[in-house]
Amino acid sequence: MNFLKRRFSSGDIQGELRDRQEQQDYSSPLSLTLGGNKPPSSTTSAPSSPSKNQSMAGIGRNIFQAATGGSKPAAINKERCKILLVVDDLHTDWSKYFRGKKLFGDWDIRVEQAEFSEINLASYTDGGTMVDIQVLRNGTKVVRSFKPDFVLIRQHVKDANVDWKTIIMGLMYGNIPSLNSLTAIYNFLDRPWVFSHLLQIQRRLGASAFPLIEQAYYPNHKEMVSNMWVSVCSNVTLAYSWPGGDMQERAAFS
């Protein structure tokens, strides 16, 4: 008992506890040293990264240059270029799809985009087709004249209030290639005209090989005379569109 009292009352145990705490403080990665107690570092500190000293404006400028290739688009050679006329609204910028593209090795593609309402033209048997466009760009009216080498039509030729068929005929008069072809665009302006061509295919191949839904065509509403009671789907509109209709279970034409 006397030995135990002397052992617990001595300062040796406290010294051992202090030694263990100091060893844990130096070995723990989360330990912190303050002031002059911090041990000197034997390694050389790395220099600060240049990206840390770079401003946010410089970072944004570098990202923009990387996305755009770091340079402006090359100017189009007006002496060696083909003109593509795109008939479409401004919701789609078609010039960006052809920017930097070449034809025949070194010919540039110049894109002129306008709507039907902004196009005027004149076609000649010996001079081709001259197109004039009047477009608004940033609030300024721009007028340009050119002879297109190719036409891409992405706008409806015919609507309930307007009909731009005369522009199609003028382009066809000048024999300008197009996608789709001007002949196909003109033929598809009216559904009865398209269905008549389908009937020609049916007569050639047979009704079993090329079936079609039976229809009736009247040049105007005065010729639609019938005493039959049938279920009909009435459509009051032009022949090429379907803006609205009405289904009736029993109706009679008289």
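Residues numbered from 1 in each chain as written. Predicted model: local features only at pLDDT ≥ 70, side-chain atom pairs only at ≥ 80, totals over all residues. Heavy atoms only, no water.

**Notes on the overall build of the protein chain**
Scanning the protein chain from terminus to terminus reveals 8 helices and 10 strands. When burial is assessed residue by residue, the protein chain has 18% of its 254 residues classed as buried. Pairs at least 24 apart in sequence give 52% of the contacts found in the protein chain among residues at least 6 apart. Surface accessibility of the protein chain: about 20200 Å² in total, with carbon and sulfur atoms responsible for 55%. (Helix = DSSP H or I, 4+ residues; strand = E, 2+ residues; numbered from the N terminus. Buried < 20%, exposed > 50% of the residue type's maximum accessible area, 1.4 Å probe, protein only. Contact = heavy atoms within 4.5 Å. Areas by Shrake-Rupley, 256 points an atom, 1.4 Å probe, with all protein chains shown as cover.)

**Examining the confidence of the model for the protein chain**
For the protein chain, per-residue confidence averages 75 on the pLDDT scale, and 59% of positions sit at 70 or higher. Segment residues 29–36 is flagged for pLDDT under 50; beyond a separation of four residues in sequence, or across chains, it makes 3 contacts in the model. (pLDDT = per-residue confidence, 0-100.)

**Focus on the pattern of salt bridges**
Under the criterion given, the structure shown has 5 salt bridges. A salt bridge links Arg144 to Glu112; the shortest N-O distance between them is 2.8 Å. With Arg144 in strand S6 (residues 140–146) and Glu112 in strand S3 (residues 107–114), the pair connects residues that are 32 residues apart, well separated along the chain. A residue is classified by how much of its surface remains accessible, and Arg144, at 28% relative accessible area, is partly exposed. One salt bridge connects Lys158 with Asp190, and the closest N-O pair in it is separated by 2.9 Å. Of this pair, Lys158 sits in the loop between strand S7 (150–153) and helix H6 (165–173) while Asp190 sits in the loop between helix H7 (182–187) and helix H8 (191–205), placing them 32 residues apart in sequence. For Asp190, a relative accessible area of 27% puts it in the partly exposed group. It is possible to trace a salt-bridge network through shared partners that takes in Arg110, Glu112 and Arg144. (Salt bridge = Lys/Arg side-chain N within 4 Å of Asp/Glu carboxyl O.)

**Some points on the sheet that holds S6**
Across the sheet, which stays open at both edges, the 3 strands sit in the order S4-S5-S6 with antiparallel pairing between neighbours. Among the strands making up the open sheet, the edge pair consists of strand S4 (119–124) and S6. The sheet shows a mean angle of 10 degrees between the axes of neighbouring strands, taken without regard to direction. Here S4 pairs with strand S5 (residues 128–137) via 6 bridges, running antiparallel. From the neighbouring strand, Ser123 faces S5, where its bridge partner is Thr129. Across the sheet, H6 touches S4 and S5, and the angle it forms with S4 is around 35 degrees. (Pairing = 2+ DSSP bridges. Axes fitted to C-alpha atoms, helices over the stretch in contact; angles between N-to-C directions.)

**Details of the environment of Ser123**
Mapped onto the fold, Ser123 is located in strand S4. A C-alpha to C-alpha distance of 9.0 Å links Ser123 and Met172, two positions 49 residues apart in sequence. Filtering out sequence-adjacent residues up to four positions away, Ser123 remains in contact with Gly128, Thr129, Gly170, Tyr173 and Gly174. Side chain to side chain, Ser123 and Thr129 meet in a polar contact 2.9 Å long. Polar contacts involving the side chain of Ser123 include one to the main-chain carbonyl oxygen of Gly170, which spans 2.7 Å. (Polar contact = N/O pair within 3.5 Å; in protein donor to acceptor, adjacent residues only side chain to side chain.)

**Some words on the pairing of S3**
Along any regular strand the residues' side chains alternate between the sheet's two faces. Counting buried positions along S3 yields 6 of 8 residues, so the element is predominantly enclosed. Of the strand pairs in this sheet, strand S1 (residues 81–87) and S3 are connected by 7 bridges, and their pairing is parallel. Paired with Leu84 across the strands is Val111, a residue of S3. The sheet contact formed by strand S2 (residues 102–103) and S3 spans 2 bridges and is antiparallel. For Leu103, the partnering residue across the bridge sits in S3 and is Trp107.

**Considering unusual backbone geometry**
Here the amide bond leading from Leu179 into Asn180 is cis, since omega sits at -10 degrees, within 30 degrees of zero. Inspection of the secondary structure assignment puts Asn180 in the loop between strand S8 (178–179) and H7. Of note, Phe104 is a non-glycine position whose phi angle comes to about 55 degrees, a positive value. Position of Phe104 relative to the elements: it lies in the loop between S2 and S3. A positive phi angle, near 55 degrees, is found at Asn175, a position not held by glycine. By the secondary structure assignment, Asn175 is in the loop between H6 and S8. Asn175 gets classed as exposed once you look at its relative accessible area, which sits at 69%.

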